Amino acid sequence: MAATTPRFSTKDVTVVFFLGGPGSGKGTQSANLVKDYGFVHLSAGDLLRAEQVRQGSEYGEMIKTYIREGKIVPMEVTVALLSNAMAESLATAPPPAGTKARFLIDGFPRKLDQAVFFEKTVCVSELVLFLDCPEDVMEARLLKRGETSGREDDNAESIRKRFRTFVETSMPVVEDFRGKDKVVEVEATKSVDEVYAKVKEGIEKRGLHARS
């Protein structure tokens, strides 16, 4: 019978899911949260991109195809990569004594069933941090990024596909967590500093304070 106890306890680990459409600024804000709050930043997208080029990966080709087509990779693969990255971080860089490890999981869960599966098998989350950004702003940012990023999905057609996928599949996650009063929502159209000020205000109201 499959284990139903999460791999990590909320007594030892704090998980914050970080959602927002492509180009909403999650990468920039994640760097700030790592610096000020001691989060370990795990990007589901980065883990998947690394896995698709990892020598001997059993998932590499499949991940490549899914990403190219703008589809969501099977959740068992993504959750396994996240769970293992958390375990590796705890083993190699445990948090200071008397504190909980904090993980900021960026770009995940992309669908509601992923959230349910992650919380059942890995760890129950503390909250969802959601950057709300309209499509035209995201598209302009990503096309600009595409000039230098070298990422094959930073083109207009892929961007629109990714945005549609986000609205159809990820917004139900936000709505579900909102119903549980577990969402900190920030409008992401203003400057990086203004957005970050709102992010800090939102998470500190939830009891997550900066680490000195």
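Above this text sits the structure in question.
One structure accompanies this document, and this report is about it. Predicted, not measured: the structure shown is a model, and the values here were computed from it.

**Regarding the overall build of the protein chain**
Looking only at helices and strands, the protein chain features eight helices and five strands. In the protein chain, the succession of α and β elements from N to C terminus is β-α-β-α-α-α-β-α-β-α-α-β-α. Computed over the C-alpha atoms, the radius of gyration of the protein chain is 17 Å, within 12% of the 17 Å expected from 2.2 N^0.38 for a compact globule of 212 residues. Projected onto its principal axes, the C-alpha positions of the protein chain cover 45 × 45 × 30 Å. Looking at the protein chain as a whole, 42% of its 212 residues are labelled buried. Long-range pairs, those at least 24 residues apart, make up 78% of the contacts in the protein chain between residues at least 6 apart in sequence. Accessible surface, the protein chain as shown: approximately 11,000 Å² in total, 52% of it carbon and sulfur. For the protein chain, the separation between the mean place of its 31 positive charges and that of its 32 negative charges on side chains is 2 Å.

**Points about the nonpolar core**
Nonpolar side chains in soluble globular proteins generally cluster together in the buried interior. Counting residues in hydrophobic clusters, the biggest one holds 26 residues, and the most contacted among them are V13, V15, F17, M86, I105, F108 and F118. Elements represented by at least two residues in this core include exactly β1 (13-20), α4 (75-92), β3 (101-106), α5 (112-121), β4 (127-132) and α7 (156-179). Filtering out sequence-adjacent residues up to four positions away, I105 remains in contact with V15, V16, F17, F18, L42, L82, M86 and F118. If you look at the next biggest cluster of nonpolar residues, it comprises 20 residues, including Y37, L104, L127 and V195.

**Section: the side chain of Q114**
With respect to the helices and strands, Q114 occurs in helix α5. Not counting residues within four places of it along the chain, the set of residues in contact with Q114 comprises I72, V73, M75, F108 and P109.

**Re the pattern of salt bridges**
For the structure on display, the rule yields twelve salt bridges. As a salt-bridge pair, R54 and E51 come within 2.8 Å of each other at their nearest N and O atoms. D181 serves as the salt-bridge partner of R206, at 3.5 Å between the closest nitrogen and oxygen. In this pair, R206 sits in the segment after α8 (192-205) while D181 sits in the loop between α7 and β5 (183-187), placing the two residues 25 residues apart along the sequence. Overall, the relative accessible area of 30% leaves R206 in the partly exposed class.

Rules behind the numbers
- Residues numbered from 1 in each chain as written.
- Predicted model: local features only at pLDDT ≥ 70, side-chain atom pairs only at ≥ 80, totals over all residues.
- Heavy atoms only, no water.
- Helix = DSSP H or I, 4+ residues; strand = E, 2+ residues; numbered from the N terminus.
- Rg over C-alpha atoms; globule rule 2.2 N^0.38 Å.
- Buried < 20%, exposed > 50% of the residue type's maximum accessible area, 1.4 Å probe, protein only.
- Contact = heavy atoms within 4.5 Å.
- Areas by Shrake-Rupley, 256 points an atom, 1.4 Å probe, with all protein chains shown as cover.
- Lys, Arg positive; Asp, Glu negative; His and termini not counted.
- Charge placed at Lys NZ, Arg CZ, Asp CG, Glu CD.
- Core = buried A, V, L, I, M, F, W, Y, C linked by side-chain atoms within 4.5 Å.
- Salt bridge = Lys/Arg side-chain N within 4 Å of Asp/Glu carboxyl O.

Remember that the coordinates give geometry; whether it matters functionally is a separate question.
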